[in-house]
Amino acid sequence: MTGLQKLLNAAAALCGFYALVDGFTTLSPALLLAAGLVVVCGMRLSPALAAALPVVIRPQLDLVISLIAACAVLAALQDGMVGAVWGIAIAAWLHGWLAVEKTMADDADATGFNWVVSLGVPLFFGFWLLFFWEALTIGLGIPTVLLPPPSMIGARLVTSTAILMADFQQTFLKAVLAGYAIGCGSAFVVAILVDRSNFLRRGFLPIGNFISALPIIGVAPIMVMWFGFDWQSKAAVVVVMTFFPMMVNTLSGLSAASAMERDLLDTYAAGYWQTLFKLQLPAAMPFIFNALKINSTLALIGAIVAEFFGTPIVGIGFRISTEVGRMNLDMVWAEIAVAALAGSASYGALSLLERRITFWHPSYRTK
Amino acid sequence: MVIKADKLNLDFETNDGVVHALRDLDLEIGAGEFVSLIGPSGCGKTTFLRVIADLETPTGGSIAVNGQPPEQARLARAYGYVFQAPALLSWRTIARNISLPLEIMGLSSGEQQERVERMINLVGLDGFGGKFPWQLSGGMQQRASIARALAFDADLLLMDEPFGALDEIVRDHLNEQLLQLWKKTGKTICFVTHSIPEAVYLSTKIVVMSPRPGRITDVITSDLPDDRPLDIRETPKFLEIAQRVREGLREGHADD
């Protein structure tokens, strides 16, 4: 074990020891078991034991202990967070850290893609974030209007699935996807036209710049006037928001090919379309994906905010604004969770696609 | 005559006034010759090559490539051009980079494949067709770019300091290979360089140029034998020609 790992191990054992001493008579059996395990684990600091029984320093052991302790703490939360429970919670977290630390150290020399490190570590990190959120909100008795615990939000996600699905369908599947496709698609086509003509470049760039500077809270009511209350007006807001980033990025991308590469195509007497498809567009892909990724989050924000300005009685934005008024903050958080999941999933999907298509770019190259 | 320049002039307008990139250039290059253009930077050697390739338009005089104006020659795909950098497209494999001109010229895919294989073999890149350019060394990349320029079988090869960025050893090796390629294919080669040994080693004719304004100061016909091992560079004949090139270069500078 490295110095940091020893330190983490010692700190965890101390926390467990404190919990045992402080709460020996009051703690539930599960908590006592957790504290006991943590203290016993402190014995791994002895080099003799580690040498005789190398299995005890495996990261899997830390993972199991941290999960057992975390579960024991979660189960005891309703009784309030006394000092001893805090000690076990912190010990659990320290063991989690220790497990990650050891896994990363083992992985440092490995090559290639490792699912445990690439996916497991972020998930584990998320778990601890939720754990302390839960522990702090319940343990400290924070009013749910200020910050509901994740378990309450999770319960809402399960019990109100039908409403959430309807909202997701209205806002994401209709407004966001349609607006995103129209906005990015038209900006792409316009960028290609603009790239070809200096006249259009002079005309379109200032207009695009102007539109992008329009405040969304000004545009949204106007779009409702133009396109009605339903999702079409939200899609229109998304089009306005996504158009400019896509156009500007595509334009930069189309001029990304070097002068030498253009000369090369000239020496082959290549036509406009051949140059476009064989040189300009492939070279533009990193720029285009940049815009697609920026727009994937912009579009979601645009559609949600646009629903604050008139909407049928369905949609993520509508639900957020009404449930806030009714003090149902758990529902608001559930909608936020749905939106965040949808946004992250589309961003992640675009990133994966980007890796596949622009594998040649210096930032993704593999020898 | 493959190339015939007559009183060729090219002036660039810049903020500091007119720059005479080429002044009254007269030059004839016959079929099958290996001609080097040598001179210090700013002498217009690359500009001259770009005029032949119709990448620059002259402002005076006349130039004919295969008896045609350069633009027609370019549209007829009369030449292959090798740039200072390999300029390989990084999203295409070596094989698909070599087939790029063939795709643009609309050859059938069977024909493309057959030619690409032949070219890869010709420049000694067997087994590297499926690699991407960034997986290859600089010398291999430049060989791929030569293969690409040769792939559509133009009779004229224009090379703009193709080995300038490579180290001495790789450069010697590629010079040797280029000579063999030239002998094997019988193409006309126009080769821009600023290395005297490279020019003398490769060429049948050396055109010495000097800057401000860009002009030809000497044209030296080399009588070195066709068969040139690398150690020919130590023979008195070689050194004599190299000396003449050096004098030509110095003469051009004496004007400043």
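Residues numbered from 1 in each chain as written. Chains lettered and ligands numbered in written order. Predicted model: local features only at pLDDT ≥ 70, side-chain atom pairs only at ≥ 80, totals over all residues. Heavy atoms only, no water.

We now examine the sheet that holds strand β5 (residues 79-82) of chain B. All names here are of chain B. Taken together, the six strands give an open sheet; going across it, the order is β5-β6-β7-β3-β8-β9, and neighbouring strands pair in mixed fashion. Unpaired on one side and paired on the other, β5 and β9 (215-221) mark the two borders of the sheet. Strand-to-strand, the axes of this sheet are offset by a mean angle of 15°, without reference to chain direction. Where β5 and strand β6 (residues 156-160) come together, four bridges link them in parallel fashion. By the bridge assignment for β6, Tyr 81 is matched with Leu 158. Docked against the sheet, helix α7 (residues 168-185) engages β3 (34-38), β6 and β7 (188-193), running at close to 160° with respect to β7. (Pairing = 2+ DSSP bridges. Helix = DSSP H or I, 4+ residues; strand = E, 2+ residues; numbered from the N terminus. Axes fitted to C-alpha atoms, helices over the stretch in contact; angles between N-to-C directions. Contact = heavy atoms within 4.5 Å.)

Residues and elements named next belong to chain B. Core analysis: the largest hydrophobic core is formed by 94 residues, its most contacted members being Phe 48, Ile 52, Leu 158, Leu 178, Val 200, Ile 206 and Val 245. Here the element with the most residues in this core is helix α6 (residues 138-150); it accounts for six residues. With sequence-adjacent residues up to four places away left out, Ile 52 is seen in contact with Ile 3, Ile 63, Val 65, Pro 70, Tyr 79, Leu 156, Leu 158 and Cys 190. (Core = buried A, V, L, I, M, F, W, Y, C linked by side-chain atoms within 4.5 Å. Buried < 20%, exposed > 50% of the residue type's maximum accessible area, 1.4 Å probe, protein only.)

Annotation of chain A at the domain level lists domain 1 (3-142) and domain 2 (157-357). Between the C-alpha centres of domain 1 of chain A and domain 2 of chain A the distance comes to 43 Å. (Domains from an automatic or database assignment.)

Looking now at the packing of aromatic side chains. Residue and element names in this part refer to chain A. Inspection of the entire model under this criterion finds 23 aromatic pairs over all chains. When the ring of Phe 168 is compared with that of Phe 172, the centres are 5.3 Å apart and the planes differ by 5°; the resulting orientation is stacked. Taken together, the residues Phe 168 and Phe 172, both in helix α8 (residues 161-196) and four residues apart, mark about one turn of the helix. The two residues Phe 168 and Phe 172 agree in class, both being buried. Judged by centre distance (6.3 Å) and plane angle (25°), the ring pair of Trp 273 and Phe 277 falls under stacked. Pair noted here: Trp 273 and Phe 277 are both in helix α13 (residues 272-306), with a separation of four residues, about one helical turn. Accessibility classification places Trp 273 together with Phe 277 in one group, the exposed group. Following the ring pairs from residue to residue traces out a cluster consisting of Trp 93, Trp 97, Phe 124, Phe 127, Trp 128, Phe 131 and Phe 132. (Phe/Tyr/Trp six-rings, centres within 6.5 Å; stacked < 30°, edge-to-face > 60°.)

Let us now look at the domain arrangement of chain B. Residues and elements named next belong to chain B. Assigned domains of chain B: these are domain 1 (32-58 + 65-78 + 155-256) and domain 2 (89-153). The gap between the C-alpha centroids of domain 1 and domain 2 is 24 Å. Residue-level contacts link 14 residues of domain 1 with twelve residues of domain 2. Both faces combined, the contact of domain 1 with domain 2 buries some 1,100 Å², and carbon together with sulfur accounts for 72% of it. At the junction of domain 1 with domain 2, the criterion picks out one salt bridge. Put simply, Lys 187 and Asp 153 hold a salt bridge, and the shortest N to O gap is 3.1 Å. (Buried area = accessible area lost by both parts, 1.4 Å probe. Salt bridge = Lys/Arg side-chain N within 4 Å of Asp/Glu carboxyl O.)

The next point concerns a nonpolar patch on the surface. Residue and element names in this part refer to chain A. On the surface, a nonpolar cluster with roughly 450 Å² of combined accessible area is contributed by Leu 4, Leu 7, Ile 90, Trp 93 and Trp 97. Sorting the residues of the nonpolar patch by element identifies α1 (3-23) and α5 (83-107) as the ones contributing at least two each. The element that contributes the greatest number of residues to the nonpolar patch is α5, accounting for three residues. Its place among the elements puts Ile 90 in helix α5. (Patch = residues over 30% accessible without salt bridge, like charges linked within 9 Å, V, L, I, M, F, W, Y side chains within 5 Å. Areas by Shrake-Rupley, 256 points an atom, 1.4 Å probe, with all protein chains shown as cover.)

Residue and element names in this part refer to chain A. For the pair α1 and α5, interaxial distance at closest approach is 8 Å and the crossing angle is 160°. One element, α1, and the other, α5, form an angle in the roughly antiparallel class. For the pair α1 and α5, the sense of crossing is left-handed. Counted by class, the contact of α1 with α5 contains 15 nonpolar, seven polar and three charged residues. (Parallel < 35°, antiparallel > 145°, perpendicular 65-115°, else oblique. Left-handed = near helix turned anticlockwise from the far one by under 90°. Nonpolar A, V, L, I, M, F, W, Y, C, P; charged D, E, K, R; others polar.)

A regular strand carries its side chains on alternate faces of the sheet. Residues and elements named next belong to chain B. Counted residue by residue, β3 has five buried out of five residues, so it is predominantly covered. As judged from the five bridges shared by β3 and β7, these two strands associate in the parallel manner. Each bridged residue has a counterpart across the sheet, and for Ser 36 the counterpart in β7 is Phe 191. Two elements, β3 and strand β8 (residues 205-210), share four bridges in a ladder whose sense is parallel. Across the sheet, the residue bridging to Leu 37 is Val 207, located in β8.

Counting through the fold element by element, Pro221(A) comes out in helix α10 (residues 216-227). Leave out the neighbours within four places in its chain, and Pro221(A) touches Ile216(A) and Phe309(A).

Below, the discussion takes up the layout of surface pockets. Which parts of space are left empty comes out when a probe the size of a water molecule is rolled across the atoms. Residue and element names in this part refer to chain A. Of the pockets and cavities examined, the second largest pocket occupies roughly 350 Å³. If you trace the second largest pocket, you find it lined by Gly 126, Leu 129, Leu 130, Trp 133, Pro 150, Ile 153, Gly 154, Leu 157, Ala 337, Ala 340 and Leu 341. Of all the secondary structure elements, the ones that give two or more residues to the lining of the second largest pocket are α6 (115-139), α7 (150-159) and α15 (329-357). Among the residues making up the lining of the second largest pocket, the classes are represented as nine nonpolar, two polar and no charged. (1 Å grid on protein atoms, 1.4 Å probe; cavity = no way out; pocket = protein on both sides within 12 Å on 5 of 7 lines; lining within 4 Å. Points joined across faces, edges and corners; volume = space filled by probe spheres on them.)

This part covers the interface of chain B and chain A. Counting residues at the interface gives 26 residues for chain B and 20 residues for chain A. Buried area between chain B and chain A, summed over both chains or domains, comes out near 2,200 Å², and the portion from carbon and sulfur atoms is 69%. On the chain B side of the contact with chain A, Trp91(B), Ile104(B) and Trp134(B) bury the most area, a combined 36% of that side's loss. Taken together, chain B and chain A are joined by two salt bridges. At the level of secondary structure, the elements contributing two or more residues to the side of chain B that touches chain A comprise α2 (70-75), β5 and α4 (100-104) of chain B. At four residues, the largest contribution of residues to the side of chain B that touches chain A is made by α4(B). Residues of the side of chain B that touches chain A, tallied by class, amount to 17 nonpolar, three polar and six charged.

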